[in-house]
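The residues making up each chain are set out below.
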Amino acid sequence: MQVLVIVEPGKPALTLVTTDLTTPVGVIVERYAARWAIEVAFEDAKQITGVGEARNRTRRAVERTVPFGLYTQSVVVIWYHLAGHHPNVVRDRRERAPWYATKRCASYQDMIVKLRRVLIAAQYQPELPRQPTPDEIHAVQLAWAQATA
């Protein structure tokens with residue numbers, strides 16, 4: 001077993017443990033760095049998208065739940081990058097959470113919150129009243145005439 005302790009000034013130490021004794025230390029650190037984004041995506045899928053809360057009973061449902069959750073997460077990220085991104089998202093998040101002073105890009109949580117807000121705003125957007133068609137006016141006039149007869 002090989003234990004690597006990585007220390008950067010002003011940051012907590014990072015300890016990596018591996019059974020690979022032949023790979024150079026730099027490559028092991030690169031593997032860890034590459035894998036970290038995947039681990040964050042899985043954590044987001046479980047905690048935010050809800051994949052970890054599935055209560056499935058049948059085999060096929062169990063086999064479909066996680067892939068569907070990851071697919072849904074991908075759709076949210078793609079939507080955000082195509083239509084939802086705005087530079088103010090990160091600035092607004094820093095204002096609401098001052099401990100994120102070094103935050104430079106939107107997290108998955110920021111993306112899904114933005115999507116939820118857009119969907120809610122679209123659902124409850126006030127509609128402009130449209131002019132009734134001549135057939136609708138005639139139908140109302142006939143209803144009034146029949147009601148007074």
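Placed above this text is the structure.
Predicted, not measured: the structure shown is a model, and the values here were computed from it. (Residues numbered from 1 in each chain as written. Predicted model: local features only at pLDDT ≥ 70, side-chain atom pairs only at ≥ 80, totals over all residues. Heavy atoms only, no water.)

Draft legend 1. Up close: the nonpolar core. Listed in full, the 8 residues of the largest apolar core are Val76, Tyr80, Val89, Ala106, Tyr108, Met111, Ile112 and Leu115. Where this core is concerned, the elements lending two or more residues are α2 (59-84) and α4 (108-123). (Core = buried A, V, L, I, M, F, W, Y, C linked by side-chain atoms within 4.5 Å. Buried < 20%, exposed > 50% of the residue type's maximum accessible area, 1.4 Å probe, protein only. Helix = DSSP H or I, 4+ residues; strand = E, 2+ residues; numbered from the N terminus.)

Draft legend 2. Structural context of helix α1 (residues 25-49). If you check α1, its first and last C-alpha atoms are 35 Å apart, about what 25 residues at 1.5 Å a residue would give, namely 36 Å. The largest bend along α1 measures about 25° and falls at Arg35. Along α1, the residues classified as buried are Ile28, Asp44 and Ala45. One or two residues past the end of α1 sits Gly50, with phi positive at roughly 100°. (Expected span 1.5 Å × (residues − 1). Bend = angle between axes of the 7 residues up to and from the residue.)

Draft legend 3. Quick look at the pattern of salt bridges. Under the defined criterion, the tally for this structure stands at 4 salt bridges. Where Asp20 meets Arg31, a salt bridge forms, and the shortest distance between an N and an O atom there is 3.2 Å. Placement of the pair is Asp20 in the loop between β2 (14-18) and α1 and Arg31 in helix α1, with a sequence separation of 11 residues. (Salt bridge = Lys/Arg side-chain N within 4 Å of Asp/Glu carboxyl O.)

Draft legend 4. Structural view of the packing of aromatic side chains. Within the structure shown, the criterion is met by 3 aromatic pairs. Measuring from centroid to centroid gives 6.5 Å for Phe68 and Tyr71, while their planes differ by 35°, and the two rings are tilted. Of this pair, Phe68 and Tyr71 both sit in helix α2, separated by 3 residues, roughly a single helical turn. With respect to burial, Phe68 and Tyr71 carry one shared label: exposed. (Phe/Tyr/Trp six-rings, centres within 6.5 Å; stacked < 30°, edge-to-face > 60°.)

Draft legend 5. Here's a closer look at the layout of surface pockets. Considering only enclosed or pocket space, the largest pocket measures out at about 180 Å³ in volume. Breaking the lining of the largest pocket down by element, the ones donating at least two residues are α3 (88-96) and α4. (1 Å grid on protein atoms, 1.4 Å probe; cavity = no way out; pocket = protein on both sides within 12 Å on 5 of 7 lines; lining within 4 Å. Points joined across faces, edges and corners; volume = space filled by probe spheres on them.)

Draft legend 6. Geometry of the packing of α2 against α4. It is the contact of α2 with α4, at a shortest axis distance of 9 Å, that shows an interaxial angle of 75°. By the angle between their directions, the pair α2 and α4 is classed as roughly perpendicular. Along its contact with α2, which presents Gln73, Val76, Val77, Trp79, Tyr80, His81 and Gly84, the element α4 presents Tyr108, Met111, Ile112, Lys114, Leu115 and Val118. In the contact of α2 with α4, the residues fall into 9 nonpolar, 3 polar and 1 charged. (Axes fitted to C-alpha atoms, helices over the stretch in contact; angles between N-to-C directions. Parallel < 35°, antiparallel > 145°, perpendicular 65-115°, else oblique. Contact = heavy atoms within 4.5 Å. Nonpolar A, V, L, I, M, F, W, Y, C, P; charged D, E, K, R; others polar.)

Draft legend 7. Just the side chain of Thr18, in detail. With respect to the helices, strands and loops of the structure, Thr18 is situated in strand β2. In this structure the side chain of Thr18 is engaged in a polar contact, spanning 3.0 Å, whose partner is the backbone nitrogen of Asp20. Discounting chain neighbours no more than four positions away, the residues touching Thr18 are Met1, Gln2 and Ile28. (Polar contact = N/O pair within 3.5 Å; in protein donor to acceptor, adjacent residues only side chain to side chain.)

Draft legend 8. Structural view of the environment of Gln123. Inspection of the secondary structure puts Gln123 in helix α4. Here the alpha-carbon distance between Gln123 and Val66, two residues 57 residues apart in the chain, equals 28 Å.

Draft legend 9. Structural context of the packing of α1 against α4. Relative orientation of the contacting elements α1 and α4 amounts to 40°, with a least axis distance of 11 Å. Relative to α4, the element α1 is oriented oblique. In terms of crossing hand, the pair formed by α1 and α4 is right-handed. Here α1 contributes Asp44, Ile48 and Thr49 to the contact with α4, which in turn contributes Tyr108, Gln109, Ile112 and Arg116. (Left-handed = near helix turned anticlockwise from the far one by under 90°.)

Draft legend 10. Up close: a nonpolar patch on the surface. Together, Met1, Val3, Val5, Val7 and Val17 make up an exposed nonpolar region whose accessible area comes to about 540 Å². On the secondary structure map, Val7 appears in the loop between β1 (2-6) and β2. (Patch = residues over 30% accessible without salt bridge, like charges linked within 9 Å, V, L, I, M, F, W, Y side chains within 5 Å. Areas by Shrake-Rupley, 256 points an atom, 1.4 Å probe, with all protein chains shown as cover.)

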